[in-house]
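Letter by letter, the chains look like this.
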Amino acid sequence: MQSKWFLTIPLTVLAAGACLTTTAAASQASAPVPAAARPSALPPGYQLVTLPNANVPNFQRRTLFCPGSKRVLGGGAEARGNRAILVGSFPTDDGRGWIGIGRQDGYNDVGISVFAICAD
């Protein structure tokens, strides 16, 4: 069983915008829209950064940092594996990244992915 937890306010707003963009694009004419003309799911200056799934010992933090001088606005983590549990998902103390912590009952390690929305 997989556990997914996300900070809801920024991700919900962005996900809703992405759905509206997709729906609007599907209902328009069938001619392809050049990539430069397509609306982005994220506002200018925002960036979605991901730390792909990796197995780590139970309760070991996986930390993802925003690139350059960007700061984290929201984020989340996912625990993967049989009976995996996400123990924590929160920003770093300095506001420059996101941390994910998990455990897996009956195993010594757990798969953890971390996601962050960063902006200038």
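Before any of the text, the structure's been laid out above.
Attention in this report is confined to the structure presented alongside it. The structure presented is a predicted model; accordingly, all values stated were derived computationally and were not measured.

Residues Arg62 and Leu64 point to one face of strand S3 (residues 62-65) and are all buried, whereas Thr63 and Phe65, pointing to the other face, are not buried. As defined by bridge partners, S3 adjoins strand S6 (residues 97-104) across 4 bridges and the pair is classed as antiparallel. Residue Phe65 lies in a different strand from S6, and its bridge partner there is Gly97.

Looking now at the state of the cysteines. Inspection of every chain in the model, using the stated rule, returns 1 disulfide. Shown here is the disulfide that connects Cys66 with Cys118, its sulfur atoms set 2.1 Å apart. The disulfide joining Cys66 to Cys118 has a torsion of about -80° about its S-S bond and is therefore left-handed. Taken as a pair, Cys66 in the loop between S3 and strand S4 (71-80) and Cys118 in strand S7 (residues 109-119) lie far apart in primary sequence, 52 residues in all. Classification of Cys66 as buried rests on a relative accessible area of 5%.

The next subject is the environment of Ala54. Mapping Ala54 onto the fold places it in strand S2 (residues 46-57). Classification of Ala54 by relative accessible area gives partly exposed; the value is 25%. Spatially, the C-alpha atom of Ala54 lies 9.7 Å from that of Ala79, the residues being 25 residues apart in sequence. Sequence-distant contacts of Ala54, defined by excluding residues within four places in its chain, comprise Arg62, Val110, Gly111 and Ile112.

Another point: the nonpolar core. Counting residues in hydrophobic clusters, the biggest one holds 16 residues, and the most contacted among them are Leu64, Ala79, Val110, Ile112, Val114 and Ala116. Elements supplying a minimum of two residues to this core: S2, S4, strand S5 (84-91) and S7. The contact partners of Ala116, leaving out residues within four places of it in the chain, are Gln47, Leu48, Val49, Leu64, Val72, Gly74, Gly75 and Trp98.

So, on to the sheet that holds S3. As summarised here, the arrangement of the 3 strands in space is S3-S6-S5, forming an open sheet in which the pairing is antiparallel. Among the strands making up the open sheet, the edge pair consists of S3 and S5. Averaged over all adjacent pairs, the angle separating strand axes in this sheet is 20°, with direction ignored.

Before going further, it helps to spend a moment on the environment of Arg80. Mapped onto the elements of the fold, Arg80 is located in strand S4. Sequence separation between Arg80 and Ala54 is 26 residues; the distance between their C-alpha atoms is 9.1 Å. Residues in contact with Arg80, not counting those within four places in the same chain, are Asn53, Gln104, Val110, Gly111 and Ser113. At a separation of 3.1 Å, a polar atom in the side chain of Arg80 contacts the side chain of Glu78.

With respect to the helices and strands, Phe65 occurs in strand S3. Counting along the chain gives 53 residues from Phe65 to Cys118, while the straight-line C-alpha distance between them is 8.9 Å. Beyond its immediate stretch of four places on either side in the chain, Phe65 contacts Val49, Thr92, Arg96 and Gly97.

How each quantity is defined
Numbers given to residues run from 1 along each chain, matching the order in which its sequence is written. Totals for whole chains, interfaces and linings use every residue, but because this is a predicted model, local features are given only for residues with pLDDT of at least 70 and side-chain atom pairs only at 80 or more, for both listing and counting. Hydrogens and water molecules were not included; the side-chain quantities draw on all heavy atoms of the structure. Burial classes: relative accessible area under 20% of the type maximum marks a residue as buried, over 50% as exposed, and values in between as partly exposed (1.4 Å probe, protein chains only). The secondary structure listing takes helices from DSSP runs of H or I that are at least 4 residues long and strands from runs of E that are at least 2 residues long, numbered from the N terminus. DSSP calls a pair of strands paired once it identifies at least 2 bridges connecting them. When two cysteine sulfur atoms lie within 2.5 Å, the pair is treated as a disulfide. Should any heavy atoms of two residues lie within 4.5 Å, those residues are considered in contact. Buried Ala, Val, Leu, Ile, Met, Phe, Trp, Tyr and Cys residues that are joined via side-chain atoms within 4.5 Å together make up what is termed a nonpolar core. Axis definition: a line fit to C-alpha positions, over the contact stretch in the case of helices; interaxial angles, taken between N-to-C directions, run 0 to 180 degrees. Polar contact is defined as a pair of N or O atoms within 3.5 Å, subject to the rule that within protein one atom must be able to donate a hydrogen and the other to accept it, and that residues adjacent in sequence are counted only when both atoms are side-chain atoms.

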